[in-house]
Structure formats: structure tokens, C-alpha cells
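Remarks on the overall topology
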Amino acid sequence: MSNDADNVRVALNGSIFLAPVGTTGPADLTAAWGAAWVDLGYLSDDGVSMEYSTDVEDINAWQSLSPVRRVLTSVDMTLGFTALELKSATITSYFPSSTITEVTPGTVFRLDIPAAPSPDERAIGLEWFDGDIVNRLVIPRGEITDRGAISLGRSNPVGLEMTVSAYASSAPELATWLSNDPAWALAA
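Description of the structure in this document. (Residues numbered from 1 in each chain as written. Predicted model: local features only at pLDDT ≥ 70, side-chain atom pairs only at ≥ 80, totals over all residues. Heavy atoms only, no water.)

1. A word on the overall build of the protein chain
A count of helices and strands for the protein chain gives one helix and 10 strands. When the helices and strands of the protein chain are listed from N to C terminus, the series reads β-β-β-β-α-β-β-β-β-β-β. The C-alpha radius of gyration computed for the protein chain amounts to 20 Å, which surpasses the reference 16 Å derived for 188 residues by more than 25%, pointing to a less compact arrangement than a globule. Projected onto its principal axes, the C-alpha positions of the protein chain cover 75 × 45 × 40 Å. A burial count over the protein chain gives 29% of its 188 residues as buried. Split by element, the accessible area of the protein chain, about 12,300 Å² in all, is 54% carbon and sulfur. (Helix = DSSP H or I, 4+ residues; strand = E, 2+ residues; numbered from the N terminus. Rg over C-alpha atoms; globule rule 2.2 N^0.38 Å. Buried < 20%, exposed > 50% of the residue type's maximum accessible area, 1.4 Å probe, protein only. Areas by Shrake-Rupley, 256 points an atom, 1.4 Å probe, with all protein chains shown as cover.)

Set out below in C-alpha cells:
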């Protein structure tokens, strides 16, 4: 197998989308995200981190110094990002079950943050580009499970750091990743 610099990718830009659980993602790379998908807007220049991990449990036997079997015990997939736009979609995602009301129409708004928020499961979409190469990842069922501190300062934007955890759904897949990357082509 040889090295091929043409197969090295970067994510030059992209977006995170949220929709109600049960909303299907685009069927291909040319279809638009449907009206139910809300784009969270600008993200920090760190982009999005995607993590996938598995845990196994060793089964040991008296007669062997090495495990005789390993059993898969868990699968975890997360997306981490920092939203830079402070708009209703990002604020109510960061503060689950919160509500925004207009105190004075068009000029003063109020955010009520509940003491005991309800679960806030959503469908999550991630799209990123490297020139003509398009990638889309759809998690049919997930939830924002971790939030970073909101830093307020003179020289940095106010960001809402969030981590989305993927949950099992009725589909056999935890997520679906579509790509038009020619490096993915299967060898004949």
C-alpha cells in the first residue's frame, strides 16, 4: 500500500443541524436539509470534534495468562463544538427545556431556565466540506449531554460549548455518514 497525499482531507467549513427526533436527514449529498433542520450557525474555529469509542471486557481463564475472549460492552459516539451565535436555537439547546419570551415586542427578551429540565433528544446533522468533497453525518437520536463554561470577556466571543451524545434508535445504525470522497471507492 502506498502513500497518497490526494487522500488527505481537511474540514474547511461546515455546519451542525438539529431537528426533532424522527426527522430523516438528506438521502444524498445533493438534497437540501429539510425545513425541520435548524442550522446552529457559526461555530468556533476549532470546528467539530467527533469521537467514537468501544469498551470491551476481558474474560480470563485460570489456564491462560491472556484473555480467552473479549466481549464488547459499550459503544459511544459524541460530537463536540462551540456555537458562536447567541440565537434562540443555540441558547435553548444549551439550556434544555428553557423558553424565550418577548417582554417588550422586538426589543427585550427573557430566557427562563428550568431548575429541572426534561430530556431534550434530537436528531443531529453534521456537514463539512473540503473543496468538492462533501461529508454528511446524521445521528437519528441524540442529546446534548455536556456543556462547557460560558466565558464572558472583552477579547473573545461568547461561546456555547456543547457535546452531543448519540443514542441507539430503532435503526440498526448509531449514525449514517455519506461522502462523495473518491478515496472511499472500494477496490475491485
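Having seen the structure, we can now continue with the description.
2. A word on empty space enclosed by the protein
For the structure shown, the criterion picks out one cavity of 30 Å³ or more. Lining the largest cavity, in full, are Leu18, Asp120, Arg122, Ile124, Gly142, Glu143, Ile144 and Val164. Among the secondary structure elements, those contributing two or more residues to the lining of the largest cavity are strand 7 (122-130) and strand 8 (133-147). Among the elements that make up the lining of the largest cavity, the one with the highest residue count is strand 8 (three residues). Taken together, the residues that form the lining of the largest cavity break down as four nonpolar, one polar and three charged. (1 Å grid on protein atoms, 1.4 Å probe; cavity = no way out; pocket = protein on both sides within 12 Å on 5 of 7 lines; lining within 4 Å. Points joined across faces, edges and corners; volume = space filled by probe spheres on them. Nonpolar A, V, L, I, M, F, W, Y, C, P; charged D, E, K, R; others polar.)

3. Some thoughts on a negative patch on the surface
A surface patch of like charges, here negative, comprises Asp45, Asp46, Asp146 and Glu161. Judged by relative accessible area, Asp146 falls into the partly exposed class, the value being 45%. (Patch = residues over 30% accessible without salt bridge, like charges linked within 9 Å, V, L, I, M, F, W, Y side chains within 5 Å. Salt bridge = Lys/Arg side-chain N within 4 Å of Asp/Glu carboxyl O. Lys, Arg positive; Asp, Glu negative; His and termini not counted. Charge placed at Lys NZ, Arg CZ, Asp CG, Glu CD.)

4. Quick look at the layout of surface pockets
A water-sized probe rolled over the atoms picks out the places where empty space is left. Taken as a whole, the largest pocket spans an internal volume of roughly 320 Å³. Around the largest pocket, the lining is made up of 16 residues, and of these Ala11, Asn13, Gly14, Gly47 and Val48 lie nearest the centre. At the level of secondary structure, the elements contributing two or more residues to the lining of the largest pocket comprise strand 1 (13-20) and strand 7. Class assignment of the residues belonging to the lining of the largest pocket gives a composition of eight nonpolar, five polar and three charged. Looking at the second largest pocket, its volume works out to about 270 Å³. Lining the second largest pocket are 16 residues; nearest its centre among them are Thr23, Thr24, Gly25, Val138 and Pro140. Across the lining of the second largest pocket, the residue classes tally to seven nonpolar, seven polar and two charged.

5. Topic: the packing of aromatic side chains
A complete count under the given rule lists five aromatic pairs for this structure. Taking the centre distance of 4.9 Å and the plane angle of 75 degrees together, the rings of Tyr94 and Phe95 count as edge-to-face. One aromatic cluster is present, built from ring pairs that chain together Phe17, Trp33 and Trp37. (Phe/Tyr/Trp six-rings, centres within 6.5 Å; stacked < 30°, edge-to-face > 60°.)

6. Side note on the side chain of Arg122
Here Arg122 is to be found in strand 7. A polar contact of 3.4 Å, which involves the side chain of Arg122, links it to the side chain of Ser93. In terms of polar contacts, Arg122 uses its side chain to reach the side chain of Asp120, at 2.9 Å. Those residues in contact with Arg122 that lie beyond four places of it in its chain are Leu18, Ala19, Val21, Thr92, Ser93, Ile139, Pro140, Arg141 and Gly142. (Polar contact = N/O pair within 3.5 Å; in protein donor to acceptor, adjacent residues only side chain to side chain. Contact = heavy atoms within 4.5 Å.)

7. Things to note about the pairing of strand 1
Where strand 1 lies against strand 7, eight bridges are found, and the strand directions are antiparallel. Its bridge partner lying in strand 7, Gly14 is registered against Trp128. Of the strand pairs in this sheet, strand 1 and strand 2 (residues 38-39) are connected by two bridges, and their pairing is antiparallel. When the sheet's bridge partners are listed, Leu18 is paired in strand 2 with Val38. (Pairing = 2+ DSSP bridges.)

8. So, unusual backbone geometry
Even without glycine at this site, Ser97 takes up a positive phi of about 65 degrees. Within the secondary structure, Ser97 sits in the loop between helix 1 (88-94) and strand 5 (99-104). Using a relative accessible area of 34% as the deciding quantity, one classes Ser97 as partly exposed.

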